[in-house]
Amino acid sequence: WKGYRVLDCGGCGVAFADPFKNPGAEYYAGYDDLYRAEAQTTTDAMSFEYDEGLAVLGRAAPGAVRLLDVGCGGGGFLYRARELGFEAAGVDFNRERLDAVRRLHGMRDLHCMGLPQFARENPGRRFDFVTIFEVLEHLDDPADWLKAAFSLLEPGGKLIVGVPNRDRSFDPFGDESMLEVDNPPHHLTRWRAAPLGDFIAQVGFEVVELRPLGVPRPLLGLLARNRLRLGLATRALGVDQLQHLPASGPGPRGRLLLALVALKSAILDAAVFLIYPVFTVACALFGWQGVILFCVAEKPKN
């Protein structure tokens, strides 16, 4: 893939990129459609991992309110955690996004750096929870980041991790427009459940929970649209994606095509709404796995 190989480790079952090197913050700045420099009050509806993480926070012992969100992005998870009463801090490489979170939410405990650097510069800080959602697969030094999380947690504190599930039954990244997302240098590793649990345990954590999550209804809608996409509108408008239309607008013919695309999406969304209960039952019956692996691990108390 564009000069990279994706290899399997026969020992642990993790797939990894060769060369195994994170491209740096400048690379991600080019993905302004995925990493927009704007603050958020919600989390991604395409994934259950944030709701599952908040459910873990909701079961916290009294007084366990200090949270560090790694790769906090637009601050949606921080915002929701703060609404539950947590003292929320975040680290992220995208300075513009952090500035937007400061402006909208008034959050000040935000740091433009990686987790190992944060741990080195804040040796006395301790947290009850460290959350790392969809970050591990981007790293060329994931063990260093997990060791930093371990050092920052109080004994008995919990690490919550979400990563793309290599054994997913349904692949939103298989669409041609999404091939870049799950390939290097964007994603450097691909994880199965057992290797993820072993890797986290090797750092010193005790794995409490590890499972694939289900498929949210909005994600099922996306999968349906991807499967039924013919590309007629993009070819007619001369763009690779509809969000890349020129600033001058699509013109009368283009507006008609966009209206038809919107109608098709509305019909598909209605169909997905109707079949979703049956789909969730089928997932349970056939063991279909969702896109995200969700792990909760605890730092031993002694």
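Further up the page is the structure itself.
Scope of this entry: the structure provided in the associated data block.

Focus on a nonpolar patch on the surface
Link 1 in the chain: On the surface, L256, L260, L263 and I267 cluster together into a nonpolar patch covering about 420 Å² of accessible area.
Link 2 in the chain: Structurally, the position occupied by L263 is in helix α10 (residues 251-286).

Brief notes about the environment of S47
Link 1 in the chain: By the element assignment, S47 lies in the loop between α1 (25-29) and α2 (49-58).
Link 2 in the chain: Of the residues examined, S47 reaches a relative accessible area of 7% and is grouped as buried.
Link 3 in the chain: Distance from S47 to P277, taken between C-alpha atoms, is 17 Å for residues 230 residues apart in sequence.
Link 4 in the chain: Ignoring anything within four residues of it in the chain, the contact list for S47 reads E134, P216 and I292.

Thoughts on the pattern of salt bridges
Link 1 in the chain: Inspection of every chain in the model, using the stated rule, returns 17 salt bridges.
Link 2 in the chain: Between D128 and R66 there is a salt bridge; the shortest N-O distance is 3.1 Å. In this pair, D128 is assigned in strand β6 (residues 127-133) and R66 in strand β3 (residues 66-70), connecting sequence segments 62 residues apart.
Link 3 in the chain: Its relative accessible area of 12% is what places D128 among the buried residues.
Link 4 in the chain: For R66, a relative accessible area of 27% puts it in the partly exposed group.
Link 5 in the chain: We note a salt bridge from D182 to R168, for which the minimum N-O separation is 2.8 Å. Of the two residues, D182 is situated in the loop between β7 (153-164) and β8 (189-190) and R168 in the loop between β7 and β8; the sequence distance between them amounts to 14 residues. Pair check on accessibility: D182 and R168 agree, each one buried.
Link 6 in the chain: Residues joined by salt bridges that share partners form a network here, namely R168, D171, D182 and R190.

Brief notes about the pairing of strand β4 (residues 87-92)
Link 1 in the chain: Among the six residues in β4, five count as buried, and that is most of the element.
Link 2 in the chain: After leaving β3, the chain enters helix α3 (residues 76-83) and then returns to the sheet as β4, a path that is right-handed.
Link 3 in the chain: Examined bridge by bridge, β4 and strand β5 (residues 110-112) share three bridges and lie parallel to one another. Bridged to G90 within β5 is L110.
Link 4 in the chain: In this view, the connection linking β4 to its parallel neighbour β5 by way of helix α4 (residues 95-105) has right-handed handedness.

The rules behind each value
Residues numbered from 1 in each chain as written. Predicted model: local features only at pLDDT ≥ 70, side-chain atom pairs only at ≥ 80, totals over all residues. Heavy atoms only, no water. Patch = residues over 30% accessible without salt bridge, like charges linked within 9 Å, V, L, I, M, F, W, Y side chains within 5 Å. Areas by Shrake-Rupley, 256 points an atom, 1.4 Å probe, with all protein chains shown as cover. Salt bridge = Lys/Arg side-chain N within 4 Å of Asp/Glu carboxyl O. Helix = DSSP H or I, 4+ residues; strand = E, 2+ residues; numbered from the N terminus. Buried < 20%, exposed > 50% of the residue type's maximum accessible area, 1.4 Å probe, protein only. Contact = heavy atoms within 4.5 Å. Right-handed = clockwise from strand over helix to strand, strands pointing away. Pairing = 2+ DSSP bridges.

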